[in-house]
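Observations on chain architecture
Spelled out, the chains give:
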Amino acid sequence: MEQIKIPAGYHSDLNLHDTQVAIKTVKDFFQQTLAQKLNLLRVSAPVFVSPSSGLNDNLNGVERPVSFDIKGQDENAEIVHSLAKWKRYALKKYGFAHGEGLYTDMIAIRRDEDLDNIHSVYVDQWDWEKIITKEERTMETLINTVRSIYSVLRKTEKYMAVQYDYIEEILPKEISFVSTQELVDMYPDLTPKEREYKIVKEKGAVFLMQVGKTLSNGERHDGRAPDYDDWELNGDILVYYPVLDIALELSSMGIRVDEEALDRQLTEAGCDDRRELPFQKAIMNKELPYTIGGGIGQSRICMFFLRKAHIGEVHVSLWPEEVTETAAEAGVNLL
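Only a predicted model underlies this, so the values are computations on that prediction, with no experimental measurement involved.

1. Details of the nonpolar core
- Counting 58 residues, the largest nonpolar core has Trp128, Leu153, Met253, Ile301 and Leu306 as the members making the most contacts within it.
- Discounting residues that sit within four places of it in the chain, Leu306 has contacts with Leu14, Thr19, Ala22, Ile23, Val26, Met160, Tyr166, Ile167 and Val314.

Here's what the structure looks like:
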């Protein structure tokens, strides 16, 4: 996608002031409903961590974290990419029990992001994590949790359609489930993103499973760090977004690695050096709880439910001058 693409005839139904009101309306309703549905407690979380802790999310392994020095400390701090690992540590430290979970407002800076209508240097999401047993590390647990989250998405859309006349319900009643390997089998000649668009345009909402593993064509559908999600038990929630005619990812989630999955995936990814980091050692030594968790994009959620064409309409970031000029010429107000 180009850095900015304004659909023909697009205009925002809300001015800047009313957009701010609507953003709060979406966020308040969604996070309260999600917390009730999954039994989550909101907690405080770090904006930066120590690199040596192994707690930062390495994403695809090539993105550079923003780091800075702190007066009186020998080691630099890193702005988090996400809290995928920190949350599991926090569940133990804060004394959560089986069936209980936490969520937090995660703010990140991803300076290597390719900017377009749905990607920004500034990232905000609800990071959540919940304790399960080893026996609950199953596809059934994953699917049931996805369905719970999807029900919250549908309730939020219904609520916003009542609050704002211009918003119509477009989410299908049920979310469909498909694996990355099944997509390759269905559309072998398409790219991963083209496959996503094809299936989501057809189904309306899809949970794309098993992201990160090597497929029969020798490739991976997408990168996924080897030390938080179990690649056999994870996935992304994708919805069709007619404003931009795209497959829009709203959430990345999964059952987290146990000691066996971590050992296998570190070897497969060529990341054996991470075995000695504190977080990874704690998993190998069975010192952390077994969990399921994920991240749900706050601005993506707001963009989708408010039918905005650019993520800069729902959060403040920095954009190239040509992006701000093109938006202004099209009457699109970037915050």
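So that's the structure; there's more coming.
2. Considering the sheet that holds strand 10 (residues 246-256)
- Spatially, 1-5-6-11-10-9-8-7 is the arrangement adopted by the eight strands of the open sheet, whose pairing is mixed. Strands at the two margins of the open sheet, each flanked by one partner only, are strand 1 (40-42) and strand 7 (176-179). In this sheet, adjacent strand axes meet at a mean angle of 25 degrees when their direction is disregarded.
- The pairing of strand 6 (residues 122-132) with strand 11 (residues 290-297) spans eight bridges and is classified as antiparallel. Considered in strand 11, the bridge of Trp128 is made with Gly294.
- Against the sheet, helix 6 (residues 259-269) contacts strand 9 (229-241) and strand 11, and its axis sits at roughly 80 degrees relative to strand 9.

3. Here's the deal with the side chain of Ser317
- Of note, Ser317 is situated in the loop between helix 8 (298-306) and helix 9 (321-329).
- Judged by relative accessible area, Ser317 falls into the buried class, the value being 15%.
- A polar side-chain atom of Ser317 sits 3.0 Å from a polar atom in the side chain of Ser120.
- Contacts of Ser317, omitting those with residues within four sequence positions, involve Ser120, Val121 and Tyr122.

4. What to know about the packing of aromatic side chains
- Per the counting criterion, the structure on display carries nine aromatic pairs.
- Measuring from ring centre to ring centre gives 5.9 Å for Phe177 and Phe207, while their planes differ by 65 degrees; the resulting arrangement is edge-to-face. Note that Phe177 is positioned in strand 7 and Phe207 in strand 8 (residues 205-209), a separation of 30 residues in sequence.
- Given the relative accessible area of 22%, Phe177 is considered partly exposed.
- On the basis of relative accessible area, Phe207 is assigned to the buried category, the value being 0%.
- An aromatic cluster is present here, built from Tyr241, Phe304 and Phe305 joined pairwise through their rings.
- In this structure, Arg307 packs its charged tip against the face of Phe304, placed 4.9 Å from the ring centre.

Definitions and cut-offs
- Residues numbered from 1 in each chain as written.
- Predicted model: local features only at pLDDT ≥ 70, side-chain atom pairs only at ≥ 80, totals over all residues.
- Heavy atoms only, no water.
- Core = buried A, V, L, I, M, F, W, Y, C linked by side-chain atoms within 4.5 Å.
- Buried < 20%, exposed > 50% of the residue type's maximum accessible area, 1.4 Å probe, protein only.
- Contact = heavy atoms within 4.5 Å.
- Pairing = 2+ DSSP bridges.
- Helix = DSSP H or I, 4+ residues; strand = E, 2+ residues; numbered from the N terminus.
- Axes fitted to C-alpha atoms, helices over the stretch in contact; angles between N-to-C directions.
- Polar contact = N/O pair within 3.5 Å; in protein donor to acceptor, adjacent residues only side chain to side chain.
- Phe/Tyr/Trp six-rings, centres within 6.5 Å; stacked < 30°, edge-to-face > 60°.
- Lys NZ or Arg CZ within 6 Å of the ring centre and 35° of its normal.

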